[in-house]
Amino acid sequence: MLSNVKGMNDIWPVEMPYWQLIEHMAHKIFTNCGFGEIRTPILEQIELFQRSVGEATDIVQKEMFTLEDRKGRRLAMRPEGTAAVVRAMMQKGLDGNGEVLKYYYIGPMFRYERPQKGRLRQFHQLGAEIFGTTAPLADADLLESIWFFLETLQLKGVELQINSLGDSTCRPPFRNALLAFLKRHEKNLCADCQRRMQTNPLRVLDCKEEGCIKIVADAPMMIDYLCVACREHFETVKNLLNASKRNFTVNPRMARGLDYYNRTVFEFVAEGIGAKSAICGGGRYDDLIESLGGKPTAAIGFAIGIERLILLLEQIKPLQPVAPDFWVIYMGDKLADEAFKLATVLRREGFSCHFDYQSKSMKNQFGRASKANARFALIIGEDEIKNKEVTFKNLTTGQQQKFGRDQLQNHLKTLLGKS
Ligand code: HAM
């Protein structure tokens with residue numbers, strides 16, 4: 001039997017209330033916060049991710065789904081959304097245009113990771129990017145909008161961790177200090193990290209190997225090397241968060257798994273998806289656009305993992321698919337077209353209404369109506385047709401009533417409180 005690709009799940013109607021709630025709130029909140037929605041393709045040139053996410057990262061080294069098209073061009077299924085949005089805005093000539101630009105996106109991302117709870121090979125992100133400002137206020141405003149979004153979903157036990165990764169002034173001295181430290185421990189680092197030391201020593205900081213984690217616990221920290229401008233930026237962001245009464249902790253060990261970051265980086269972490277794990281990650285990437293050949297354009301953004309968010313939501317908020325208002329029940333195939341007509345009229349009036357395509361026993365039809373949690377049954381038999389009536393049954397109370405067909409819509413609207 002054919003089966004799905006490992007780590008790439010089907011999403012069924014019973015799960016949809018969570019997806020629809022998240023997507024609805026995302027559109028609402030991020031539009032209110034001044035972001036416009038952008039949709040970029042799933043396939044991009046592989047080089048985009050190599051040059052942005054970084055050659056030495058796990059994402060590029062081990063996790064990308066890549067393919068060659070018929071002309072031998074090397075493509076990658078996007079492992080994240082930022083690089084694609086950056087590519088799109090540069091291609092449109094919006095880099096360095098002096099304006100602040102704000103975009104959000106929702107869509108599937110692909111990483112060849114070992115699947116487990118909250119970790120998939122096809123997963124979905126809700127992300128947003130702000131271009132064209134170095135203002136710490138943008139950092140605070142972005143974090144505030146994420147907080148507001150998570151709060152609206154009534155999530156509990158979420159914690160914000162922040163750090164600063166400095167910039168091109170203070171990163172080199174830190175890199176040297178880190179490299180000197182790593183050289184002293186080189187023998188005990190994993191093979192990947194011994195290689196990373198040559199390509200990008202900062203990547204050793206987010207190695208997942210036990211041995212390396214223990215070693216880097218004593219490594220120098222970027223936060224101790226921040227230049228005056230980066231320190232001021234970080235202090236202002238912290239002050240703004242305090243002023244908006246948002247709790248956070250500084251995690252000086254946070255390195256993030258992508259190369260493009262500078263200054264503020266952050267993660268929202270939560271219990272309840274196995275180990276404490278990140279439901280959201282992001283930060284500044286002021287130098288990325290220039291490094292890709294664009295005009296200097298500061299930027300900051302985040303992405304939330306939707307599947308991880310749903311794992312948390314399921315624990316606090318059981319959601320059911322929307323139940324139909326009506327189920328039309330009819331007696332005998334002869335009346336199928338009457339059921340069809342009635343359902344059509346009701347749907348055009350804005351009600352949700354289902355019926356079976358083949359006449360089954362009344363018991364069977366009532367069974368299907370109550371399984372779907374329909375609120376009311378509308379019953380049509382020979383008598384109802386003859387008298388131009390419909391029998392109406394409240395499936396919760398069992399109360400039954402007859403209405404003339406010409407009165408039906410008005411009665412139902414009053415009943416369901418629709419004008
Ligand atoms: P990221 O930290 O790699 O950042 O991913 C963001 C979020 O996506 C994670 O916190 C997690 O919730 C979710 N996620 C990542 N990998 C998986 C997976 N395999 N399965 C399920 N969920 C996953 C980025 O992607 C950056 N583009 C964020 C950003 C935007 N930075 C600046 N702008």
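The structure this text deals with has already been given above.
Residues numbered from 1 in each chain as written. Predicted model: local features only at pLDDT ≥ 70, side-chain atom pairs only at ≥ 80, totals over all residues. Heavy atoms only, no water.

Trainee: Could you clarify how one ought to interpret the sheet that holds strand β3 (residues 65-68) in this entry?
Mentor: The strands making up a sheet associate through backbone hydrogen bonding, with each pair oriented either parallel or antiparallel. If you walk across this open sheet you meet the three strands as β2-β4-β3, and the pairing is antiparallel. Because the sheet does not close on itself, it has two edges, and the strands there are β2 (43-45) and β3. Geometrically, the sheet is characterised by an average inter-axis angle of 35 degrees between neighbouring strands, direction not taken into account. The pairing of β3 with strand β4 (residues 74-77) spans four bridges and is antiparallel. Residue pairing across strands places Leu-67 opposite Leu-75, the latter belonging to β4. This element, helix α2 (residues 46-54), spans β2, β3 and β4 of the sheet and lies at about 70 degrees to β2. (Pairing = 2+ DSSP bridges. Helix = DSSP H or I, 4+ residues; strand = E, 2+ residues; numbered from the N terminus. Axes fitted to C-alpha atoms, helices over the stretch in contact; angles between N-to-C directions. Contact = heavy atoms within 4.5 Å.)

Trainee: Mind showing me how you'd approach the site of the ligand here?
Mentor: Near the ligand, the surroundings consist of 26 residues, among which Glu-80, Thr-82, Glu-113, Glu-129 and Tyr-261 are the closest. The contact in question runs from a nitrogen atom of the ligand to an N or O atom on the side chain of Glu-113, over 2.6 Å. At 3.1 Å, a backbone N or O of Ala-278 approaches an oxygen atom of the ligand. Against a free-state accessible area of 660 Å², the protein chains account for coverage of 96% of the ligand. Contributions of two or more residues to the shell around the ligand are made by β6 (122-131), β10 (277-284) and β11 (299-305). Here the shell around the ligand gets six residues from one element, more than from any other, and that element is β10. (Near = heavy atom within 4 Å. Polar contact = N/O pair within 3.5 Å; in protein donor to acceptor, adjacent residues only side chain to side chain. Areas by Shrake-Rupley, 256 points an atom, 1.4 Å probe, with all protein chains shown as cover.)

Trainee: What am I meant to see in the sheet that holds strand β9 (residues 262-270) here?
Mentor: Read across the open sheet, the eight strands follow the order β1-β5-β6-β11-β10-β9-β7-β8; overall the sheet is mixed. Two strands lie at the open edges of the sheet, namely β1 (36-37) and β8 (249-250), each paired on one side alone. Relative to strand β5 (residues 101-110), β1 runs parallel, the two being bridged by two bridges. When the sheet's bridge partners are listed, Glu-37 is paired in β5 with Tyr-104. On the sheet, helix α1 (residues 16-32) packs against β1, β5, β6 and β11 and is oriented at approximately 160 degrees with respect to β5.

Trainee: Would you mind showing me how to read helix α5 (residues 136-152) here?
Mentor: The terminal C-alpha atoms of α5 lie 24 Å apart, and with 17 residues this matches the ideal 24 Å at 1.5 Å per residue to within 8%. Those residues of α5 that sit buried are Pro-136, Ala-138, Asp-139, Ala-140, Leu-142, Leu-143, Ser-145, Ile-146, Trp-147, Phe-149 and Leu-150. Of the residues flanking the end of α5, it is Gln-154, one or two places downstream, whose phi is positive at about 65 degrees. (Expected span 1.5 Å × (residues − 1). Buried < 20%, exposed > 50% of the residue type's maximum accessible area, 1.4 Å probe, protein only.)

Trainee: Help me out: how do you make sense of the packing of aromatic side chains in this one?
Mentor: Where two aromatic rings form a pair, the distance of their centres and the angle of their planes describe that pair. In the structure shown here, the tally under the stated rule is 18 aromatic pairs. Centre to centre, the rings of Tyr-260 and Tyr-285 are 5.3 Å apart; their planes meet at 55 degrees, and the pair counts as tilted. In this pair, Tyr-260 is assigned in the loop between β8 and β9 and Tyr-285 in the loop between β10 and α10 (288-291), connecting sequence segments 25 residues apart. Given a relative accessible area of 7%, Tyr-260 falls into the buried group. By way of ring pairs, the aromatic residues Phe-30, Phe-35, Tyr-104, Phe-149 and Phe-302 are connected into one cluster. Sitting over the ring of Tyr-112, Arg-121 keeps its end group 3.8 Å from the ring centre. (Phe/Tyr/Trp six-rings, centres within 6.5 Å; stacked < 30°, edge-to-face > 60°. Lys NZ or Arg CZ within 6 Å of the ring centre and 35° of its normal.)

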